[in-house]
Amino acid sequence: MTPASDIQTDRRTGDPTGLHRVLDEGVVLPQAAQRLDTRAELWPDEVRVRVERLNLDAASFRQLERKHAHDGDAVRAEVLDIVATRGKMQNPETGSGGMLVGTVEEVGPESPLGLSVGDRVATLVSLTLTPLVIEDALASWDGRSEQVPCDGYAVLFGRSIAAVIPDDLDPALSLSVMDVCGAPALTARVVGEYVDRGTTPTVAVIGGAGKSGSLSLAAARAAGAARTIGVVPHQAEHDLLTGAGLADAVAIADARDPVALRDAVTAAGGPADVTVVCVDVPGCEGGAILATAEGGTVIFFSMATSFSAAALGAEGLAADVRMLVGNGYVPGHAAYAMELLRADVGVRALFERRL
């Protein structure tokens, strides 16, 4: 069979989706590919970035931690093996990757991204579709955190997305925010839809003390939610979220226990008109559906979500709920997330505490 890189694309111009970098047989997009071409030479619409830090997707990092019993050396070795084997960072178990921060070192003459050599950027597309080469063996990373100091390079395509890092923020803080910036933007859009119809919704955020969860709570309030409920797994996160002042009520529940989650949200003022799932563990679909009012909306942002479990679970519960998959992209999402970070001291405190 003919490699995808030789099908429906001109090797002189490439393809804006990155199809020319796929080394699999048959036609698959880079995210679904098993191997990518990582050569440093650029096609005309590509950009090469000198990488300084990776931010691994939370679900991916937790899976690696569990698999290797929190052995940082083993986690680091597996990340290196994945990248070397696949030409990208894509956890074979979770299918997820993360994003990166780096400095633009070369821009193809036909690149539409508006970047210049020397720009410090955060990529807003997943590492699961980004050609990546690690050149320092991750020597500065202990394998115990999602943020990974790294020297190497990555390649962006014509349809990739990257944002220049603000000068007034720590790059590690910017990376943390941009990693989850799709969540608050979509939350604000959905809440805004309710408000436009004359309804001020109750919004529950499962995993409200986390990165995407705290931003989603702030976005829901800013968009006009009548009541915000943050759900956390234990007392320590309850105290953190309460101190941040992001939620009208904070409930403690194991999101994997559907009845406990439903009851916790109900006791806090639910059921929710909008439920946002931001946890990085599997098995939370049923509880999120039960915690949502009839005719309400569930937004799944976790890469640990089983979308078949969500669909079949809603059917089995005869639950009339709209279910949305957060795809990580909403126009203007990076700028909006940064605006929330700057405007809300509670959000910023939670993010800075995690660095």
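Scroll up to find the structure this text is about.
Notes on the structure in this doc start here. (Residues numbered from 1 in each chain as written. Predicted model: local features only at pLDDT ≥ 70, side-chain atom pairs only at ≥ 80, totals over all residues. Heavy atoms only, no water.)

The subject of this paragraph is the pattern of salt bridges. Taken as a whole, this structure holds 23 salt bridges when the rule is applied. Note that Glu105 and Arg48 form a salt bridge whose closest N and O atoms lie 2.7 Å from each other. Here Glu105 is found in strand β2 (residues 98-107), whereas its partner Arg48 is found in strand β1 (residues 47-56), with 57 residues between them in sequence. Using a relative accessible area of 29% as the deciding quantity, one classes Glu105 as partly exposed. Two residues, Arg62 and Glu146, come together in a salt bridge whose shortest N-O distance is 3.1 Å. Of this pair, Arg62 sits in helix α1 (residues 58-67) while Glu146 sits in the loop between β4 (132-134) and β5 (147-156), placing them 84 residues apart in sequence. Relative accessible area serves as the criterion here: at 15%, Glu146 is assigned to the buried category. Look at the salt bridges and you will find they share partners, linking Arg48, Arg50, Glu105, Glu106, Glu135 and Asp151 into a network. (Salt bridge = Lys/Arg side-chain N within 4 Å of Asp/Glu carboxyl O. Helix = DSSP H or I, 4+ residues; strand = E, 2+ residues; numbered from the N terminus. Buried < 20%, exposed > 50% of the residue type's maximum accessible area, 1.4 Å probe, protein only.)

Let us now look at the environment of Ser214. Along the chain, the position of Ser214 falls in helix α5 (residues 211-223). For Ser214, a relative accessible area of 1% puts it in the buried group. Non-local contacts of Ser214, meaning those with residues more than four positions away in its chain, are made with Gly208, Leu246, Val347, Leu350 and Phe351. (Contact = heavy atoms within 4.5 Å.)

This part covers the sheet that holds strand β9 (residues 249-252). Spatial strand order, β9-β8-β7-β10-β11-β12: six strands in an open sheet with parallel pairing. Here the strands that pair on one side only, and so sit at the sheet edges, are β9 and β12 (322-325). Across the sheet, the mean angle from the axis of one strand to that of its neighbour is 20°, orientation sign disregarded. Of the strand pairs in this sheet, strand β8 (residues 227-232) and β9 are connected by four bridges, and their pairing is parallel. Opposite Gly230, over in β9, you have Val250 as the bridge partner. (Pairing = 2+ DSSP bridges. Axes fitted to C-alpha atoms, helices over the stretch in contact; angles between N-to-C directions.)

Buried within α1 are the following residues: Ala59, Ser60, Phe61, Gln63, Leu64 and Glu65. Buried-residue contacts for α1 involve β1 and α2 (72-86). Two to three positions downstream of the cap, the backbone nitrogen of Ala59 sits 3.1 Å from a side-chain oxygen, assigning the N-cap of α1 to Asp57. Downstream of α1 by one or two residues, Ala69 has phi in the positive range, about 50°. (Polar contact = N/O pair within 3.5 Å; in protein donor to acceptor, adjacent residues only side chain to side chain.)

A few words now on the state of the cysteines. Disulfide: a covalent bond connecting the sulfur atoms of a pair of cysteines. Throughout the structure, instances matching the rule amount to zero disulfides. Cys181 takes part in no disulfide bond, and the closest cysteine sulfur, belonging to Cys278, lies 13 Å away. (Disulfide = S-S within 2.5 Å.)

A few words on the sheet that holds β1. Taking strand neighbours across the sheet as the criterion, the six strands line up as β4-β5-β1-β2-β3-β6 in an open arrangement whose pairing is antiparallel. Each edge of the open sheet carries a strand with a single partner, namely β4 and β6 (162-164). Within the sheet, the average angular offset between the axes of one strand and its neighbour, ignoring direction, is 35°. The sheet contact formed by β2 and strand β3 (residues 120-123) spans three bridges and is antiparallel. Counted as the bridge partner of Gly102 is Val121 from β3.

As a further point, take the pairing of strand β11 (residues 292-300). Counting buried residues in β11 gives seven out of nine residues, a clear majority hidden from the surface. The sheet contact formed by strand β10 (residues 272-277) and β11 spans five bridges and is parallel. Bridging from a neighbouring strand, Ala272 pairs with Thr292 of β11. Note that the unit made of β10, helix α8 (residues 285-290) and β11 has a crossover that is right-handed. Here β11 pairs with β12 via four bridges, running parallel. Note on β12: the bridge partner recorded for Thr297 is Arg322. As for the winding sense of the linkage, the β-α-β connection from β11 through helix α9 (residues 307-316) to β12 is right-handed. (Right-handed = clockwise from strand over helix to strand, strands pointing away.)

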